[in-house]
Amino acid sequence: MTLAGFVTYAGALAIAAAIPGPGVVALVARALGSGLRPALFMALGLLAGDIVYLSAVVLGLAVLAQTFGTAFLVVKWIGVAYLAWLAWTFWRTGIRIEKVTTERSRDGALASVFAGLVVTLGNPKVMVFYLAITPTIVDIASITPTDFGMLVAITAMVLLMVLIPYLALAARARWLLATPGALRALNRTAAAFMAGAAAMIAARQ
């Protein structure tokens, strides 16, 4: 690939990632509800999902993925169910002042990464970008292993540059809330964000 090709890919990905979608909504909700550390791991899960799609395209699996769309449909509804469950959990109980530290420790790294992965794999916006748009801006047939490594690095860099400001601001806002009433509002806000992300994923075709 040429430098122009890498720049074009990075620019297109940055634009797509910067537009708030289910992934950003779920990430903000995670940061509001559980703090920065779980949200960082969720961001890594979102990134892993993008790399899965990128790998599928580079390996020539785009047609296969489109043909066997049932598998992606299943993943989509798993993501919807998971986010809906999180929304219900935060709406019902959420976090309390005396259990903030405990709540943070319960958010395992693997669970947070898995949540991000599922949200990305079930997000039609991501599917469209990698399976339909990427092949039009990247010459898939000419990609070498070095090119693929560069694309993975660019993907990681661009997504983290877009996602980290979202979660950092949300996590900071979480710690500014210290009263029971504010925490109740925080729990309801996190639940609303997660329910919204689930609805967005469910509604997209």
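Rules and cut-offs
Residues numbered from 1 in each chain as written. Predicted model: local features only at pLDDT ≥ 70, side-chain atom pairs only at ≥ 80, totals over all residues. Heavy atoms only, no water. Helix = DSSP H or I, 4+ residues; strand = E, 2+ residues; numbered from the N terminus. Areas by Shrake-Rupley, 256 points an atom, 1.4 Å probe, with all protein chains shown as cover. Phe/Tyr/Trp six-rings, centres within 6.5 Å; stacked < 30°, edge-to-face > 60°. Buried < 20%, exposed > 50% of the residue type's maximum accessible area, 1.4 Å probe, protein only. Contact = heavy atoms within 4.5 Å. Expected span 1.5 Å × (residues − 1). pLDDT = per-residue confidence, 0-100. Polar contact = N/O pair within 3.5 Å; in protein donor to acceptor, adjacent residues only side chain to side chain.

Caption draft 1: Examining the overall build of the protein chain more closely. A count of helices and strands for the protein chain gives 10 helices and 0 strands. Of the regular secondary structure in the protein chain, the N- to C-terminal order runs α-α-α-α-α-α-α-α-α-α. Just so you have it, the protein chain exposes about 9900 Å², and 74% of that area is on carbon and sulfur atoms.

Caption draft 2: Layout of the packing of aromatic side chains. One pass over the full model with this rule turns up 1 aromatic pair. Centroid distance tyrosine 53 to tyrosine 130: 6.4 Å. Interplanar angle 10 degrees. Geometry classified as stacked. Separated by 77 residues along the polypeptide, tyrosine 53 in helix H3 (residues 36-58) and tyrosine 130 in helix H8 (residues 124-137) bring together distant segments of the chain. Each member of the pair tyrosine 53 and tyrosine 130 is classed as buried.

Caption draft 3: Region of interest: the side chain of aspartate 50. Topologically, aspartate 50 is positioned in helix H3. Excluding its chain neighbours within four sequence positions, the residues that come into contact with aspartate 50 are Leu13, Thr120, Val126, Tyr130, Thr155 and Leu159.

Caption draft 4: How the structure looks around H3. Between its terminal C-alpha atoms H3 stretches 33 Å, which fits the 33 Å expected from 23 residues at 1.5 Å a residue. Just downstream of H3 lies glycine 60, where phi reads positive at about 80 degrees.

Caption draft 5: Inspection of the confidence of the model for the protein chain at higher detail. For the protein chain, per-residue confidence averages 76 on the pLDDT scale, and residues scoring 70 or more make up 72% of the total. Looking over the protein chain, one finds the lowest element-wise mean pLDDT in helix H6 (residues 100-106), namely 42, and the highest in H3, namely 89. Below pLDDT 50 for its whole length, residues 97-105 participates in 15 contacts with residues either more than four positions away or in separate chains.

Caption draft 6: Highlighting the environment of tyrosine 9. With respect to the secondary-structure elements, tyrosine 9 resides in helix H1 (residues 3-18). If we ignore the near neighbours within four places in the chain, the residues touching tyrosine 9 are Leu54, Phe129, Tyr130, Thr134, Ile137, Val138, Leu151, Ile154 and Thr155. A distance of 2.6 Å separates polar atoms of two side chains, one belonging to tyrosine 9 and the other to threonine 155.

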